[in-house]
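Reading the structure
Below are the chains, spelled out letter by letter.
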Amino acid sequence: MSFPVKPSFSRRKTLRTPDDLIAAGLVPPKQREMLDAVAQHYATAIPPAFLDVITAPDDPIGVQVVPSAQELEIAPEERSDPIGDNALSPVPGIVHRYADRALLKPLLICPLYCRFCFRREHVGPDGGVLDDAALEQALEWLRTHEQIREVILTGGDPLMLSPRRLGHIVAALSAMPHVTTIRVHSRVPVADPERVTDALLDALETDKAMWMAVHINHAREMSEPARACLKRIVRRGIPLLGQSVLLRGVNDSEQALEDLFRAMVETRMRPYYLHQLDPAPGTAHFHVPVEEGLRLLAGLRGRVTGLAWPLYVLDIPGGYGKVPLGPEYVQGPKQVKDPKGTTHKLDRL
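Residues numbered from 1 in each chain as written. Predicted model: local features only at pLDDT ≥ 70, side-chain atom pairs only at ≥ 80, totals over all residues. Heavy atoms only, no water.

Below, the discussion takes up the state of the cysteines. One pass over the full model with this rule turns up 0 disulfides. Not engaged in a disulfide, the cysteine cysteine 114 finds its nearest cysteine sulfur in cysteine 117; these two sulfurs lie 6.5 Å apart. Given the relative accessible area of 11%, cysteine 114 is considered buried. Considering cysteine sulfurs only, cysteine 110 is the nearest to cysteine 117, which forms no disulfide, with 6.2 Å between them. (Disulfide = S-S within 2.5 Å. Buried < 20%, exposed > 50% of the residue type's maximum accessible area, 1.4 Å probe, protein only.)

The next subject is empty space enclosed by the protein. Applying the stated criterion to the full structure yields 1 cavity of 30 Å³ or more. Empty space within the largest cavity amounts to approximately 50 Å³. Tyr42, Ala43, Tyr113, Cys114, Arg115, Cys117, Arg120 and Val123 are the residues that line the largest cavity. By residue class, the composition of the lining of the largest cavity is 6 nonpolar, no polar and 2 charged. (1 Å grid on protein atoms, 1.4 Å probe; cavity = no way out; pocket = protein on both sides within 12 Å on 5 of 7 lines; lining within 4 Å. Points joined across faces, edges and corners; volume = space filled by probe spheres on them. Nonpolar A, V, L, I, M, F, W, Y, C, P; charged D, E, K, R; others polar.)

Here we take up helix 2 (residues 32-39). Among the residues of helix 2, Met34, Leu35 and Val38 are the ones counted as buried. End-on, the buried residues of helix 2 take up no more than an arc of 100°, which puts them together on one face. In this structure, the buried side of helix 2 is in contact with helix 1 (18-23). (Helix = DSSP H or I, 4+ residues; strand = E, 2+ residues; numbered from the N terminus. Arc of directions from axis to C-beta. Contact = heavy atoms within 4.5 Å.)

Checked against the element boundaries, threonine 283 lands in the loop between strand 7 (269-275) and helix 11 (290-299). Look at threonine 283 and you get buried, because its relative accessible area is 0%. With residues up to four places along the chain from it excluded, the contact list for threonine 283 reads Glu78, Arg115, Phe116, Arg120, Leu277, Asp278 and Arg348.

Here we take up the sheet that holds strand 2 (residues 101-104). Pairing within the open sheet is mixed, and its 9 strands lie in the order 1-2-3-4-5-6-7-8-9. Whereas interior strands pair on both sides, the edge strands pair on one side only; in this sheet they are strand 1 (94-95) and strand 9 (321-324). Inspection of the sheet shows strand 8 (residues 311-316) paired to strand 9 by 4 bridges, in the antiparallel sense. Residue pairing in the sheet places isoleucine 316 in a bridge with glycine 321 of strand 9. Across the sheet, helix 5 (residues 132-143) lies against strand 1, strand 2 and strand 3 (150-153), angled at about 170° from strand 2, the strand it touches most. (Pairing = 2+ DSSP bridges. Axes fitted to C-alpha atoms, helices over the stretch in contact; angles between N-to-C directions.)

Another aspect to go through is the packing of aromatic side chains. Under the counting rule described, the total for this entry stands at 2 aromatic pairs. A cation over a ring is seen here: arginine 101 above tyrosine 98, with NZ or CZ 4.4 Å from the ring centre. Over the aromatic face of tryptophan 309 sits the side chain of arginine 301, whose NZ or CZ is 4.0 Å from the ring centroid. (Phe/Tyr/Trp six-rings, centres within 6.5 Å; stacked < 30°, edge-to-face > 60°. Lys NZ or Arg CZ within 6 Å of the ring centre and 35° of its normal.)

What follows deals with the side chain of serine 186. Turning to its location among the elements, serine 186 is positioned in strand 4 (residues 181-186). There is a polar contact of 3.0 Å between the side chain of serine 186 and the backbone nitrogen of valine 188. Discounting chain neighbours no more than four positions away, the residues touching serine 186 are Asp157, Leu159, Ala213, Val214 and His215. (Polar contact = N/O pair within 3.5 Å; in protein donor to acceptor, adjacent residues only side chain to side chain.)

Right under this line is the structure:
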């Protein structure tokens, strides 16, 4: 850590408050008023393992998690539910957008809170966990909808659950004959790798196909502890998928994307999705236009193996789902066609 810190600062705690951020040297004291204003809307958490790879508050790691005044600037096209999850939630904790898949969100707590998160107005330390009754209602919905073949555990971050709670959920899903695949989406392996204990990995044991998608945006997030954690997951027979968001100031260069995708493949992780940024409130400063994203990926052709090639996607607002961003889907300036052939005009492409 190269930025100035107070002598009393402990690097072994998760930073959550304006005082923590100032003591860590991530934000100068003169910006305290800004920190308080941002904290009224969005949670902050920077665990020690993630703090260890930040070299400056505005480096590609720091800008992902350190609050800024730009978060208070709301663009007209931004919305609190940018991909339309709320309208597709038949019961608390379930989102059903695709016929054969459903999301199960057992909690809205994360190990760290990304400043660009599309659920940023919903997640936080007070987001809580589905109580026993709500969790059982969600599981019962999955039991009675036999077209559901894949359940995606997300949130929040499901690896923030206790091993007991996580094991209960995995066991319940494993007992459903129609569910063939369970997928866990998590940031924990890079944000807080020490949390992935043997007990937590035991909780993921199942006879069903278990996959894990890990959210990583920059190669430097692959610290030695993170790589060791990913190796432990792979040794349990769980295939790894990598998903990233294209972000201004983080990975908006050919070299940054090449390094990221190569680092994933080196850890036996298949780059899966490169997401176009969702228009959540206060995230415009992270936006990279689609045309630029397409140029960046085109520049990697021939430079990286096909194993290191993700699908570049946009989640169309209104619950239409993910659209591959390629020539057959991008119709023109600020227009994109969904898989059903409908053209959508979007303000932030």
